[in-house]
Each structure stands twice: as C-alpha cells, then as structure tokens.
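# Observations on the model geometry
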Amino acid sequence: MTRTDVTEETEGSEPGGYAAARLRLLTEGARSGPPRRRALAELTDDWLAGLFGAATGGHTGVSLVAVGGYGRGELSPRSDLDLLLLHDGRDDKAVAALADRLWYPVWDLGLDLDHSVRTPQQARKTAGEDLKVQLGLLDARHLAGDLGLTSALRTAVLADWRNQAPQRLPELRDLCAERAERQGELRFLLEPDLKEARGGLRDATALRAVAASWLADAPREGLADARRRLLDVRDALHLATGRATDRLALQEQDEVAAGLGLLDGDALLRQVYEAARVISYAGDVTWREVGRVLRSRSVRPRLRAMMSGRNGGKPAAERSPLAEGVVEQDGEVVLARTARPERDPVLPLRAAAAAAQAGLPLSLHAVRRLAATARPLPTPWPAEAREQLVTLLGSGRPTVQVWEALEAEGLVTRLLPDWERVRCRPQRNAVHLWTVDRHLIETAVRAAGFTRRVHRPDLLLVAALLHDIGKGWPGDHSVAGETIARDVAARFGFDRADAAVLATLVRHHLLLVETATRRDLDDPATVRAVAAAVGTERTLELLHALTEADALATGPAAWSSWRGSLVADLVKRVAGVLAGEPAAETEAAAPTAEHERLAVEAFRTGGPVLALRAQTEPPADSPQPSDLSDLSGLSGPADASGRGPGDPGAVDPAGNVPEPLGVELLIAVPDQAGVLPAVAGVLALHRLTVRTAELRSLPLPDGVDGSVLLLDWRVSAQYGSLPQAARLRADLVRALDGTLDIAGRLAERDAAHPRRRGVEPPPPRVTVAPAASRLATVIEVRAQDAPGLLFRLGRALEAAGVRVRSAHVSTLGANAVDAFYVTRGEGVPLPGEEAASVAREVEESLRG
C-alpha cells in the first residue's frame, strides 16, 4: 500500500478537520495553560481514536496507547506525539498495515511522532533494557482499541517498576546527575533548557517515577505548581518561535514574557528560576530519602533484628546531639524531642549552623516544623542569634545546601526581609555564574576561607552576605545597599561602629578592583581617594578580603592573578597612607638602563625596537624567581623540553608551575603621531590582548633634538603562541608608515567570521571621571568588547588631538571597561569643556 492510498483512506476520519480545530485552539487565545493542554490532548485523542476505528473496523487484540508527555496529557503546541501500537502478536502483517494507516496522517500534518509497535511482552522486555522506555510506559494512557490489553500492560509495567525499584532507582539517579552535569542548573542559566537542565521538566518526571515506585516520595507542596509554570513557559516558547524547542534563548525571552502577560524577560526568568528551585530542592530531598531506604534495606535481617527497638522490630535510629534542641539522625539534622520552636526563636539559626558545621543536610520535616511554629526573633537580635548566623555563613561549602533548605520554606525572607528582592533575580552578564541570591551565598562561602586573615571575621561574612543586596532596588546597587546594610546591621544587633563598617564595605565593595584595573596607581590622587573612602586600615583589610571573595564567587572571568596582584599593590599603597605615610608626589620614574638602551637603539635605527619580558607568579611555598625574565626579543632560549622561560608550562626546580601574569612588551619608537593606534592595531592583528598600557616620552642625550616614545604594555595571547619578533616589528613599521591597512585587515577578519545573532548590546558610553587625577584627565570608556577596539579608541583619541599618558584596560565578559589618562601636548590635564568634548568625539566614533 502506498502513502497516497493510506492518506485517501484516512481523510474521512477527520470530522470537522483536526488540523483546523487544532489551529483554532492554539490561536484563539481563549484558553492557555493547563486547560489548553488538556483540550489539545482531548482533541488529539478523538482524532487518533477516529483514525484507529476507521482502520481496524472494530477488531480486537490491538490498542493505541499514549505514553510519555502525551500520556500525561501535557501537549504543548509543538510537542511530539508519543504513541505505542500494542498488539497480541497474532497477525503481524495486519498490524504493520494498521501502523501505516495511523502514522502517515500524523506525518502529513507535519507533527513530530515518536512511535513504536510492540506486544506486551516486547514492551516489558524493552522497558527492562531501556530506562527511558520504562519511564514513558509509567504514564501509559489508553486511547483506542482493546482496553484489556492496555490495562494489562499498565499493571505489569507498574509491577515490574516496583519490583525492580532497588535496582532501577540508582540508575535513574545517575541518569539525572549525568544530565545535570551536561546541561547545567536551570535556575542559574541565562538561556536555559526547560526540559533537560537540572530542575527542569525531566527532573519533575523523574520524581513522579520515584513516587510510582512506592519506595519514596517527593515533597508535594509547590511541586505541581512549579511543573505547571515550566509547561506554561514552554507553551509560550513554542507559540513564539513556531518550533518544537525547549531552550529559552535570550532573543526570545521578551516575546515569551509578553505571551504570558509578564513585564519583561527578567520577570520571565525569575519565574523559571523559582520553579526550578522548587523542583531541584524536591529532587535533593527525594534522592536522599531513596538512598536512606536503600541503605536500610541492605542491612542484613539478623543485624537489623539486633538493632531493633520495641516498635514491631523497627530499627531504633541513633540520635547524636549537635546543639541545644538539635540532633543528628540517619545522616540528617533533625530537632530533638525536647525542642520547642515556639519558645526558642534562635532555634532555626542554631539548627542551620549545626547542620552546616556538621556538613549534613537539614531534614525537610525539621525545616517545615521550624517554619510553622518558630517564634520571630526580636529586634535587635540577641547575641546568640547573630553568632549562629555568623557560624552558618562561615561553614564553607555546606552552607549552600542548608541555606537552600531554609529558603525553600520561607525562613530566609523571615529572617532577612530584604532577601525577597534578590531571590532568584537573574544577572544578565556572562561574567556572573549565579543569580543574585546564590552569588551572595557563594561570596560568603569564599569569604569563609579568608576569615583567618582578617581581625573581624563576623563583619567579613555578613558583608559578603549583604554586598549586592541593593540589586533589588533601582539605581546604583552599591548606594542602595549601603542604606540596607546599615539597617540590617542594626537589626542583627551590631553596634553603630560595626554597622558603619558594614555600610562602608557594601558601599565600596567594587572600589579596589575597579581602581586597581582602571586607574594609574602611581598617581597620588588615586591612592588618596581610596584611602579617604575606606577610612581605616582595618576596614581596608576587610575590603581586600571581600573584594577577592566577591570576584571568585562571580566567575572565572572576574578574577585572575593579574587582577589580584594589582589589587594587592593598591592595598599596600593605601595602607601606607592610612598608616600616616604621605602619598608620594611622584614624578615620572627615571628611565632604567633597559629603557635608555631601547631609546638609543630606536633613535639610531629610526624605527621601532621591541623587547619582551615574561612575568609569572610563583605558587605558594615555592622558590621565589625574579619577577622579570628577559626573553631577548620575542623568542627566548628553550630548555630541553622546548619551553622558553615565558612558557606557561615551564616549571621551577621544585616542580611547581608558575601562573602567567602576562607578558611585558617594551616598544621604543621615535616620537611621532599615530603611535598608539598603530601599536594597538598590530597587536589586534596578531590576536594579542592588552591588559595595561603606559606611554611616555624619553628625552634623547644632550645635544640631540627630538625624543623617543616608550610604550610599556602588558599583553597576552588570546590563543596559541606569541608571534615572532621579526614579524611583529615588520608589521609595526608598515603600520607607522601607512602601508599596512589595519582597519581593512580587521574588517576582513570580522567578515570572514561573522558573529552569531544575539542580544543587541547597549551603546558605548564615554565619560570624564571627575577629580580622578591631578596629573591628567581620565577618559572612561565602556563598550562591547571586540577585536580592534583599542585600535579604534587610539585612533579616536589621536584624532581628538590629545596625548595618551597611560591606559588601563579590562574586560568583564563581553564588556570592555577602559580608562585613558590623557593630557594636552605640553603634558597638562584638559580643561573641563575640552575634556567633555573629547569624550563626545570618542563616543561618536565608536557609535559610527
């Protein structure tokens, strides 16, 4: 039978037209959410039942079964149809013909179909071999045909699942863990997969399977609603894209949000994250329960009898005291029998601190009892409550799971009402790995490792918890956070002096890293400004630790040895000022012998001269090598392994691998126009990233007219190895004499590798930093990072007629944040109006 024959035979089985009815249902807008999914499933049921009846003529021994998501009645607009044609095996040819009459009409409508044809025995055998098939059959639902055949299969499959649960559930747990490792956590991803990521729809389905095993059950409260919300988002995503996709891409989030009646993509992501948090937490609790049940079953009957108590031979669980009113039982922290939460307002924090210190989860029953009965803490908190909070925050990695248990039952927002504004709040910045609330806890985890290096660990930990609390409010989150931190500190029971320190830490938690990476540390005004903001050496000590903890908790792009070394240098200088040492009114440092040698050589040859030095940071407890290793140009002597002294893989005599801080590139060139864009452009062509840049003019020996421009830059290769000295110098010579078209070459490279479509970045912004330096005017640039950006900036500054004294460039994810110290030709800062005009010109050049 041909496909045309099958289609002609089944067209009459669509009274009213299934396709037209389906289209009306999806476009009329009268129904959405669960009602629309149920209506779509019922409409599809009727259509398929009609097809089945027309094709079988009422014969027995065969049935049509919906499985998987369709079996649950969860049909999204572009969902595939999971169908099983079940038969008793008496007439295989007739069954094959029947399958053709069913499948072809589905394909003709362009619907995705996941189908199989099996006998009950084949279905059970396949389920025993393939866990995914078994999970689909657990949701089997009869559509048409022999009801007895379908019911018998359902009964047998459920019995098999329950009998095999001790073996299959660990397999299911491993499958969920492997998927989470591959797809990530739904509640933290900017472009999450609603189905596959941890906390998504597949995990919700897995929890249903655990419940069907009768071995354990998931916490029911909120779980059905979380699942419904994710399904609603998937429906809106299907309608917005017209595709069967589960990935919530950035460019589609606002449209999906509008389809759900939400304000914007952020509101959408927050709903998704909240649903994922509920499912993830339910999964944690459920899999712990599964493990506990399976461990208890593995105990030999005789040993179990020896451990039995009085109640029908049930083992008596050992209870070990952890704190007042708190005990450990069977691997979890529970409340003691004598605990009275209604009389002990500190008990929630005491139980949480004890659990985190012991590295154990807080039991679901204990958290729910505390949430239901615990008295609220008085204001200000008693000293014990504050101490227990600090203990919880200082427990390191175990703090995370305990905090999530408190948050799942609303205890966190009861203790800290301001938490509600940051809970599940997305951060649309690729640098950040976490939502705002999780980032705050991750910062506390990192800060716990620094408590031995500060005099007030309690202030460090509380500041870590609060440093981004202002992100739930409009405006500068540091300014908003300062006010909140002061109020929260008073509520926690800190005195006024401590509250002032916490407010300062929150207000200036970005000060050190921003200053170190964007300002000239040799400028006394820079150091004095930081000292004035910080106020005391002890506050500086705390801010230094908080800065590192915050950056480490943000993501790998936010911290490096290079940034750490800059921050440490700034802290050392500020500490000197706070200790009473005056900030040195430094003049330009005298040129070194190396500088003079390069300058003389550049003057003698009339062209650029280059030298390269590699700088590394030795691992702790390793011999201290010299900071700079001369590479004799751009290629140094190699050891027996072929590694040069600047190779990141080179090892010291103790076997330690030094961490590269970048490479110092010294360039001397006769002073002329266009040096900055020429050098920046050549480095961009060779895919070298510029981290810092300093430019200054060196006078030539007495009696010689002119000067030499010295550029001291720190660079690193984006990938691969550094270019050869001869090639780099040759390109620089051509760039300076105008024979190398840098702009054209960069444009060709961009055209050859077009960027993927994504969210349109915000426009660049160029401003003048007020009172940032006494020696120069500071022009700040914030723009989307791109190859050749520094070249374009250098060309714009040259066109504006200013001289760049130094540049401090940094990249945070896709964002470039650069600061240029510029002067007039005679080396003085620009007047205010002229500085503003230069900033406007540079901004216009970037927008053009």
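Here is a short report on the structure shown in this document. (Residues numbered from 1 in each chain as written. Predicted model: local features only at pLDDT ≥ 70, side-chain atom pairs only at ≥ 80, totals over all residues. Heavy atoms only, no water.)

For the protein, the count of helices and strands is 32 helices and 16 strands. The buried share of the protein, taken over its 848 residues, is 51%. When contacts within the protein are restricted to residue pairs at least 6 apart in sequence, long-range pairs at least 24 apart make up 70% of them. Carbon and sulfur atoms form 50% of the exposed surface of the protein, whose accessible area is close to 38,900 Å². (Helix = DSSP H or I, 4+ residues; strand = E, 2+ residues; numbered from the N terminus. Buried < 20%, exposed > 50% of the residue type's maximum accessible area, 1.4 Å probe, protein only. Contact = heavy atoms within 4.5 Å. Areas by Shrake-Rupley, 256 points an atom, 1.4 Å probe, with all protein chains shown as cover.)

Moving on, we get to the pairing of strand 6 (residues 326–329). On any regular strand, side chains alternate: one points to one face of the sheet, the next to the other face. The sheet contact formed by strand 5 (residues 319–323) and strand 6 spans four bridges and is antiparallel. When the bridges of strand 6 are listed, Ser320 appears paired with Glu328. Where strand 5 hands over to strand 6, the hairpin turn is made up of two residues, of which Gly325 adopts a positive phi near 80°. Sheet topology note: the strand 6/strand 7 (residues 332–335) ladder contains four bridges and is antiparallel. (Pairing = 2+ DSSP bridges.)

Our next topic: the environment of Glu404. Of note, Glu404 is situated in helix 17 (residues 398–408). Between the C-alpha atoms of Glu404 and Ile441, which are 37 residues apart in sequence, the distance is 9.7 Å. Each residue touching Glu404, except ones within four places of it in the same chain, is listed here: Arg187, Tyr281, Asp284 and Arg438.

Core analysis: the biggest nonpolar cluster contains 94 residues, and Leu362, Trp403 and Trp419 have the highest contact counts within it. Not counting residues within four places of it along the chain, the set of residues in contact with Trp419 comprises Trp403, Glu407, Val412, Thr413, Asp437, Leu440, Ile441, Leu465 and Ile469. (Core = buried A, V, L, I, M, F, W, Y, C linked by side-chain atoms within 4.5 Å.)

Our next topic: unusual backbone geometry. The residue after Thr379, namely Pro380, is reached through a cis peptide bond having omega 0°. Note on placement: Pro380 falls in the loop between helix 15 (364–373) and helix 16 (383–393). One non-glycine residue, Trp214, adopts positive backbone phi at about 65°. Mapping Trp214 onto the fold places it in the loop between helix 9 (201–212) and helix 10 (223–241). Even without being glycine, Cys424 reaches a positive phi, approximately 60°. Tracing the sequence through the fold places Cys424 in the loop between helix 18 (411–415) and helix 19 (436–448).

This next bit is on the pattern of salt bridges. Tallied over the full model, the rule gives 61 salt bridges. With its nearest N and O atoms 3.6 Å apart, the salt bridge here joins Glu332 to Arg292. Pair noted here: Glu332 is in strand 7 and Arg292 is in helix 12 (residues 265–298), with a separation of 40 residues, a long-range link. Owing to a relative accessible area of 9%, Glu332 belongs among the buried residues under this scheme. Assessed through its relative accessible area of 16%, Arg292 is described here as buried. Of the charged contacts in the structure, one is a salt bridge between Arg486 and Glu482, with a shortest N-O distance of 3.7 Å. Placement of the pair is Arg486 and Glu482 together in helix 21 (residues 477–492), with a separation of four residues, close to one helical turn. A relative accessible area of 23% places Glu482 in the partly exposed class. (Salt bridge = Lys/Arg side-chain N within 4 Å of Asp/Glu carboxyl O.)

Right, let's get into the packing of helix 28 (residues 675–685) against helix 30 (residues 742–752). Helix 30 packs onto helix 28 with a crossing angle of 30° between their chain directions and a minimal axis gap of 10 Å. Comparing the axis directions of helix 28 and helix 30 gives the class roughly parallel. Of the two elements, helix 28 crosses helix 30, and the hand of that crossing is left-handed. Side by side, helix 28 and helix 30 meet where Pro677, Ala678, Gly681, Val682, Ala684 and Leu685 of the first sit next to Ile742, Arg745, Leu746 and Arg749 of the second. Tallied by class, the residues present in the contact of helix 28 with helix 30 amount to seven nonpolar, one polar and two charged. (Axes fitted to C-alpha atoms, helices over the stretch in contact; angles between N-to-C directions. Parallel < 35°, antiparallel > 145°, perpendicular 65-115°, else oblique. Left-handed = near helix turned anticlockwise from the far one by under 90°. Nonpolar A, V, L, I, M, F, W, Y, C, P; charged D, E, K, R; others polar.)

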